[in-house]
Amino acid sequence: MAALRYAGLDDTDSEDELPLGWEQRTTKDGWVYYANHTEEKTQWEHPKTGKRKRIAGDLPYGWEQETDENGQVYFVDHINKRTTYLDPRLAFTVDDNPTKPTNRQRYDGSTTAMEILQGRDFTGKVVVVTGANSGIGFETAKSFALHGAHVILACRNMSRANEAVSLILGEWHKAKVEAMTLDLAQLRSVQHFAQAFKAKNVSLHVLVCNAAAFALPWSLTKDGLETTFQVNHLGHFYLVQLLQDVLCRSAPARVVVVSSESHRFTDINDSSGKLDFSRLSPSKNDYWAMLAYNRSKLCNILFSNELHRRLSPRGVTSNAVHPGNMMYSSIHRNWWVYTLLFTLARPFTKSMVQMSRSESCAQLSGLQSEGWVAKDGIKLA
């Protein structure tokens, strides 16, 4: 029981609790066997239930399996700086001939990204997250990195991006994470990022289009477009087009577009029902910050659905996600009124780690959410 308590597994089920003198062990290939120290023998069947069991899933993030000089398997927890001969997955064993599972809800509104990815091994997978130096993007990038993925933080501010990289490495020194420059307000920067990424000659399994601007005063980018529209939608649109060949070569791959429920409170059609391009990049006289944000989020969803239709036959899926309402992050920093509103709402909203679970769910889900199709018939690609 001391070993169980050390690994955090002492809360055992009465049926599966071993008799005195017995120990549960695992083989290298994941099978569970039982050692009787009193009679000095081993067996495959549980001494009380008679069932055979095997390990389910991969090691938790931060854990590695090693072999000592005697050939015995032990486990290293790099996060908490400890070693044990007890497999941490023993709490999640399954019967050799499992019965049909019952339907139950696995996750709820308080679930975090780390819980969504529990037991998943993303070793060998390459993930790009835009706007990953803070907020939801940072939590998403960290969650993937701590589960073995090679994560690239695509950010405008390299100083803050490098700080984010250091924070992730501080949690797990073996995390494979780096930062690259990407300014969505400059299409030339998007092009340079795509060229630099392709020069690495790596795959791209997950692209999370997370970066966004909110409540900006009216301004035009160097490309002559309204800033909110370009940063939230057009920059990501261009980025996906430039990396589309890499995504297809890396299939199965996924694009996750972070949108918002606020897309429901706007329209981008004119009175005749046709797409009104002047609404996407309005003049200063026709500009309202909240409306510009809503329209950009609607564009996100329309783009994601059309991208999924076009690329899913080639093994690349696309999902649009809504992370939550009025989450407290740096996105509202441009006007003190919004900062006040978000501060007041903070006790009633999700945390950043809970918000980031949307991106994780979208990566693990194989479904395109039909509920996100707000306005049919408008194609931006």
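The protein is annotated in an unreviewed UniProt entry as WW domain-containing oxidoreductase of Pipistrellus kuhlii. In the Sequence similarities (unreviewed entry) part of its UniProt record, the protein is described as follows: "Belongs to the short-chain dehydrogenases/reductases (SDR) family."

Asker: Explain the UniProt feature "domain: WW" (unreviewed entry) in the protein to me, please; I cannot follow it from the model alone.
Answerer: Per the UniProt annotation, the sites labelled "domain: WW" (unreviewed entry) are residues 16-49 and 57-90. What you have in residues 57-90 is 0% helix and 38% strand, and the ends, taken at the C-alpha atoms, are 10 Å apart.

Asker: I'm lost on helix H5 (residues 187-199) in this one. Help?
Answerer: Helical geometry: 3.6 residues make up each α-helical turn, so side chains three or four residues apart lie on a common side. Between its terminal C-alpha atoms H5 stretches 18 Å, which fits the 18 Å expected from 13 residues at 1.5 Å a residue. Along H5, the positions that sit buried rather than exposed are Ser189, Val190, Phe193, Ala194 and Phe197. Looking straight down H5, one finds that the buried residues subtend no more than 140° of arc, so they occupy a single side. The exposed residues of H5 that point more than 90 degrees off its buried face are Arg188 and Ala199. Contact partners of the buried residues in H5: strand S9 (126-130), strand S10 (150-155), strand S11 (176-181) and helix H6 (227-249). Among the residues trailing H5, Asn201 stands out with phi positive, at a value near 55°.

Asker: Explanation requested: the pattern of salt bridges in the structure shown.
Answerer: A side chain with one charge can pair with a side chain of the opposite charge if their charged atoms come near. Across all of its chains, the model carries 14 salt bridges by this definition. Residues Glu64 and Lys174 are paired through a salt bridge, measuring 2.8 Å at the closest nitrogen-oxygen approach. Here Glu64, found in strand S5 (residues 63-67), pairs with Lys174, found in the loop between helix H4 (158-171) and S11; they are 110 residues apart in sequence, far enough to count as distant. Take Glu64: its relative accessible area is 22%, and that puts it in the partly exposed class. A relative accessible area of 40% means that Lys174 is categorised as partly exposed. Taking the shortest distance from any N to any O, the salt bridge between Arg249 and Asp245 comes out at 3.7 Å. Of this pair, Arg249 and Asp245 both sit in helix H6, four residues apart, which is roughly one turn of that helix. Arg249 sits in the exposed class, given a relative accessible area of 62%.

Asker: Which parts of the structure should I look at to understand the sheet that holds strand S6 (residues 73-77)?
Answerer: Hydrogen bonds between backbone atoms are what pair the strands of a sheet, whose relative direction is either parallel or antiparallel. If you walk across this open sheet you meet the three strands as S5-S6-S7, and the pairing is antiparallel. A strand with exactly one partner marks an edge of an open sheet, and here the two such strands are S5 and strand S7 (82-84). With direction set aside, neighbouring strand axes in the sheet form an average angle of 30°. Here S6 pairs with S7 via three bridges, running antiparallel. Considered in S7, the bridge of Phe75 is made with Thr84.

Asker: For this particular structure, what's the right way to read the pairing of S6?
Answerer: Walk down a regular strand and you will see the side chains alternate between the two sheet faces. Here S6 lies mainly inside the structure; four of its five residues are buried. Hairpin connection, S5 to S6: the antiparallel pair is bridged by five residues, and Gly71 has positive phi, about 85°. Here S6 folds back onto S7 in antiparallel fashion, the turn holding four residues, of which Lys81 has a positive phi close to 55°.

Asker: What is the right way to look at the side chain of Arg254 in this model?
Answerer: Take Arg254: it is sitting in strand S13 (residues 253-258). You can call Arg254 buried: its relative accessible area is 11%. For Arg254, the side chain forms a polar contact with the side chain of Thr317, separated by 2.6 Å.

Asker: Where do I start with the packing of H6 against helix H8 (residues 289-311) in this structure?
Answerer: Each packed pair of helices is defined by two parameters, the angle between the axes and the distance between the axes. Between H6 and H8, the shortest axis-to-axis distance is 8 Å and the interhelical angle comes to 15°. Viewed along their axes, H6 and H8 adopt a mutual orientation that is roughly parallel. Read as a crossing pair, H6 and H8 show a hand that is right-handed. Contacts between H6 and H8 involve Thr228, Phe229, Asn232, His233, Phe237, Val240, Gln241, Gln244 and Cys248 from the first element and Ala292, Tyr293, Ser296, Lys297, Cys299, Asn300, Phe303, Leu307 and Leu311 from the second.

Asker: Would you explain the nonpolar core in this entry?
Answerer: In a soluble, globular protein the nonpolar side chains are often hidden away together inside. Counting 36 residues, the largest nonpolar core has Val128, Phe193, Phe197, Leu204 and Val255 as the members making the most contacts within it. Counting residues per element, this core draws most heavily on H6, which supplies eight residues. The contact partners of Val255, leaving out residues within four places of it in the chain, are Leu207, Cys209, Val240, Leu247, Leu307, Val316, Thr317, Ser318 and Asn319. Grouped together as the second largest cluster of nonpolar side chains are 29 residues, Ile116, Leu146, Leu153 and Val208 included.

The rules behind these values
- Residues numbered from 1 in each chain as written.
- Predicted model: local features only at pLDDT ≥ 70, side-chain atom pairs only at ≥ 80, totals over all residues.
- Heavy atoms only, no water.
- UniProt positions renumbered as here; feature names shortened; annotations may be inferred.
- Helix = DSSP H or I, 4+ residues; strand = E, 2+ residues; numbered from the N terminus.
- Expected span 1.5 Å × (residues − 1).
- Buried < 20%, exposed > 50% of the residue type's maximum accessible area, 1.4 Å probe, protein only.
- Arc of directions from axis to C-beta.
- Contact = heavy atoms within 4.5 Å.
- Salt bridge = Lys/Arg side-chain N within 4 Å of Asp/Glu carboxyl O.
- Pairing = 2+ DSSP bridges.
- Axes fitted to C-alpha atoms, helices over the stretch in contact; angles between N-to-C directions.
- Polar contact = N/O pair within 3.5 Å; in protein donor to acceptor, adjacent residues only side chain to side chain.
- Parallel < 35°, antiparallel > 145°, perpendicular 65-115°, else oblique.
- Left-handed = near helix turned anticlockwise from the far one by under 90°.
- Core = buried A, V, L, I, M, F, W, Y, C linked by side-chain atoms within 4.5 Å.

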